[in-house]
There are 2 protein chains.
Amino acid sequence: MTVSRAANEAAKAQHPARKDAEDASIELGELSELLGYTLKRAQLKIFEDFLRCMAPLQLTPAQFSVLLLLDRNPGRNQTEIANTLGILRPNFVAMLDGLESRDLCARIRSVNDRRSHHLVLTDKGKAVLARAKKLVAAKHEARLNELLGADNRAALVGMLAKIAEQF
Amino acid sequence: MTVSRAANEAAKAQHPARKDAEDASIELGELSELLGYTLKRAQLKIFEDFLRCMAPLQLTPAQFSVLLLLDRNPGRNQTEIANTLGILRPNFVAMLDGLESRDLCARIRSVNDRRSHHLVLTDKGKAVLARAKKLVAAKHEARLNELLGADNRAALVGMLAKIAEQF
DNA sequence: TGATAATTGTTATGCATCATATCAAAATAG
DNA sequence: CTATTTTGATATGATGCATAACAATTATCA
């Protein structure tokens, strides 16, 4: 599980009285100004919190993104969905297997092109997605707005999107 | 290699005239407003560019961060360095083996505590780090400033650091 | 002091992610 | 009709990340 790392840190925090005690704490130096470094660390934290908020539904960020896409774009095939999410087709197969085995989505053989599958959410899938959205909004994103402020949060997302697209 | 994905995309870009052609392009929906999603994608792009810039020195972001830390904090042991970088000690062993086999750093048995190693950069390690810093500044970070502007870039790093620490 | 516990580096191992090659079935191009 | 391409799928390997366990060493404390 992904909580273990946090639990590990928490365990250390309970023993501040040791030779351990950060021993003249280490200098990060230019590391703290490196975008890649902060980016990676922030991403891990965000995913960790996402998993925590989504624990009752047992959805990973990747799975959530698939459900969102299928909801907005019903009937697309695996290649299309996988491509827009940056998932390689071979790896997307097992992922879909998992969602399908939980009856969250379904593969429907296309009549036009019998190689491909139309992907759709099941009713259960739609229900789970609706609950998931609420959890994300209420627990995850709300906490972000609290930490950064709505304006800053929007600006942050904007800059990240710009990097993701134009870099 | 990590370039292959980009090469793959490039290959597709050369064939815009297919049934493929993004076929009434897929709606991202609320995905584009999800911080976790943009964060992950931006992080991948940044790491990809970092690797490209650092190709002549063959340093990964993780390796670069280790060299930086060793430079600023010579004589620390493996546990200390690994902990501050969020690397688990078992995984740090192989990583150090790699750097040490390239003569970039060295493990020096401590006389006070013969269990631990003092970690230091070799002369070659210092030289490589110096070149690496220049590459990062000239190629990588410069491009970011160009895309976002220096002020926005600083604000971005600040917000990410806040998330990484306080979330 | 001496028995017990904790720490350090290490190995082994498992799981998840990611990437490539390859394949059969089906569709498309020429 | 033949050759190529596309789709979903399988097998496979590399890498990152996490846990358990171990020997050597050090710290704790009764």
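Above this text is the structure in question.
Let me sum up the structure you'll find in this document. These figures come from a predicted structure and were not determined experimentally. (Residues numbered from 1 in each chain as written. Chains lettered and ligands numbered in written order. Predicted model: local features only at pLDDT ≥ 70, side-chain atom pairs only at ≥ 80, totals over all residues. Heavy atoms only, no water.)

**Looking at the overall build of chain A**
- Tallying secondary structure elements over chain A gives seven helices and two strands in all.
- Considering only contacts within chain A whose residues lie at least 6 apart along the sequence, 50% involve residues at least 24 apart.
- Working note: accessible area of chain A is about 9,000 Å², and carbon and sulfur atoms make up 54% of it. (Helix = DSSP H or I, 4+ residues; strand = E, 2+ residues; numbered from the N terminus. Contact = heavy atoms within 4.5 Å. Areas by Shrake-Rupley, 256 points an atom, 1.4 Å probe, with all protein chains shown as cover.)

**A short note on the interface of chain A and chain B**
- The interface of chain A with chain B comprises 64 residues on the first partner and 64 residues on the second.
- Summed over both sides, the interface of chain A with chain B buries roughly 6,300 Å², with 68% coming from carbon and sulfur.
- With a shortest N-O distance of 3.5 Å, Lys133 of chain A and Glu30 of chain B are connected by a salt bridge.
- Taken together, the links from chain A to chain B amount to 16 residue pairs in polar contact (both at pLDDT 80 or more).
- Broken down by secondary-structure element, the contributors of at least two residues to the side of chain A that touches chain B are helix H1 (3-13), helix H2 (35-53), helix H3 (61-72), helix H4 (78-85), helix H6 (123-148) and helix H7 (150-166) of chain A.
- A total of 13 residues in the side of chain A that touches chain B trace back to one element, the largest contributor, which is H2 of chain A.
- Across the side of chain A that touches chain B, the residue classes tally to 29 nonpolar, 15 polar and 20 charged. (Buried area = accessible area lost by both parts, 1.4 Å probe. Salt bridge = Lys/Arg side-chain N within 4 Å of Asp/Glu carboxyl O. Polar contact = N/O pair within 3.5 Å; in protein donor to acceptor, adjacent residues only side chain to side chain. Nonpolar A, V, L, I, M, F, W, Y, C, P; charged D, E, K, R; others polar.)

**Quick look at the packing of H2 of chain A against H6 of chain A**
Residues and elements named next belong to chain A.
- Axis separation between H2 and H6 bottoms out at 9 Å; the angle between their running directions is 150 degrees. Relative to H6, H2 is oriented so that their crossing is right-handed. Residue-level contacts link Ile46, Asp49, Phe50, Arg52 and Cys53 of H2 to Leu135, Val136, Lys139, His140, Arg143 and Leu144 of H6.
- Of the residues that constitute the contact of H2 with H6, the class distribution is six nonpolar, one polar and four charged. (Axes fitted to C-alpha atoms, helices over the stretch in contact; angles between N-to-C directions. Left-handed = near helix turned anticlockwise from the far one by under 90°.)

**Side note on the environment of Leu156 of chain B**
- Take Leu156 of chain B: it is sitting in helix H7 (residues 150-166).
- Since its relative accessible area comes to 0%, Leu156 of chain B is described here as buried.
- Look past the residues within four positions of Leu156 of chain B in its chain and what remains in contact with it is Leu35, Leu156, Met159, Leu160 and Ile163 of chain A together with Leu148 of chain B. (Buried < 20%, exposed > 50% of the residue type's maximum accessible area, 1.4 Å probe, protein only.)

**Some details on helix H4 (residues 78-85) of chain B**
- Among all positions in H4 of chain B, only Gln78, Ile81, Ala82, Thr84 and Leu85 of chain B are buried. Looking down the long axis of H4 of chain B, one finds its buried residues gathered within 170 degrees of arc, a one-sided arrangement.
- Elements that come into contact with the buried residues of H4 of chain B comprise H2 of chain A together with helix H3 (61-72), helix H5 (89-101), strand E1 (105-109) and strand E2 (117-121) of chain B.
- At the N-terminal end of H4 of chain B, a side-chain oxygen is found 3.1 Å from the backbone nitrogen of Thr79 of chain B, two or three residues along, and the residue is Asn77 of chain B. (Arc of directions from axis to C-beta.)

**As for the environment of Thr122 of chain A**
All names here are of chain A.
- One can find Thr122 in the loop between strand E2 (117-121) and H6.
- Accessibility expressed as a relative area gives 14% for Thr122, which makes it buried.
- In sequence terms Thr122 and Glu100 are 22 residues apart; their C-alpha atoms lie 9.0 Å from each other.
- Residues contacting Thr122, with those up to four places away along its chain left out, are Asp103, Leu104, Cys105 and Ala106.
- A polar contact is formed between the side chain of Thr122 and the backbone oxygen of Asp103, at a distance of 2.5 Å.

**Comments concerning the pattern of salt bridges**
- The full count for this structure, using the stated rule, is 22 salt bridges over all chains.
- Across the pair Lys133 of chain A and Asp71 of chain A runs a salt bridge whose closest N-O atoms are separated by 4.0 Å. Within this pair, whereas Lys133 of chain A is found in helix H6, its partner Asp71 of chain A is found in helix H3, the two being separated by 62 residues in sequence.
- A relative accessible area of 28% means that Lys133 of chain A is categorised as partly exposed.
- Each of Glu30 of chain A together with Asp71, Arg72 and Lys133 of chain B takes part in a single network of salt bridges with overlapping partners.

**Section: unusual backbone geometry**
- Positive phi outside glycine occurs at Gln58 of chain A, with the angle close to 55 degrees.
- Relative to the helices and strands, Gln58 of chain A is located in the loop between H2 and H3.
- Even without a glycine there, the phi angle at Asp103 of chain B is positive, about 60 degrees.
- Here Asp103 of chain B shows up in the loop between H5 and E1.

**Comments concerning the relation of the copies chain A and chain B**
- Mapping chain A onto chain B calls for a rotation angle of 180 degrees and an axial translation of 0.0 Å; the resulting RMSD is 0.0 Å. Interpreted geometrically, this transformation is the action of a two-fold axis. Across chain A, the rotation axis passes nearest the C-alpha of Leu156 of chain A, at a separation of 3.2 Å.
- Looking at the interface residues of chain A, 98% of them are also at the interface in chain B, so both copies use one shared face. (Least-squares fit on C-alpha atoms with pLDDT ≥ 70 in both.)

**Side note on H6 of chain A**
- Between its first and last C-alpha, H6 of chain A extends 36 Å over 26 residues, near the 38 Å set by a 1.5 Å rise per residue.
- At Ala137 of chain A, H6 of chain A shows its strongest bend, of approximately 35 degrees.
- Within the span of H6 of chain A, buried status applies to Gly125, Val128, Leu129, Ala132, Leu135, Val136, His140, Glu141, Leu144, Leu147 and Leu148 of chain A.
- Residues of H6 of chain A that are buried in the fold lie against H2, H3, E2 and H7 of chain A together with helix H2 (35-53) and H7 of chain B. (Expected span 1.5 Å × (residues − 1). Bend = angle between axes of the 7 residues up to and from the residue.)

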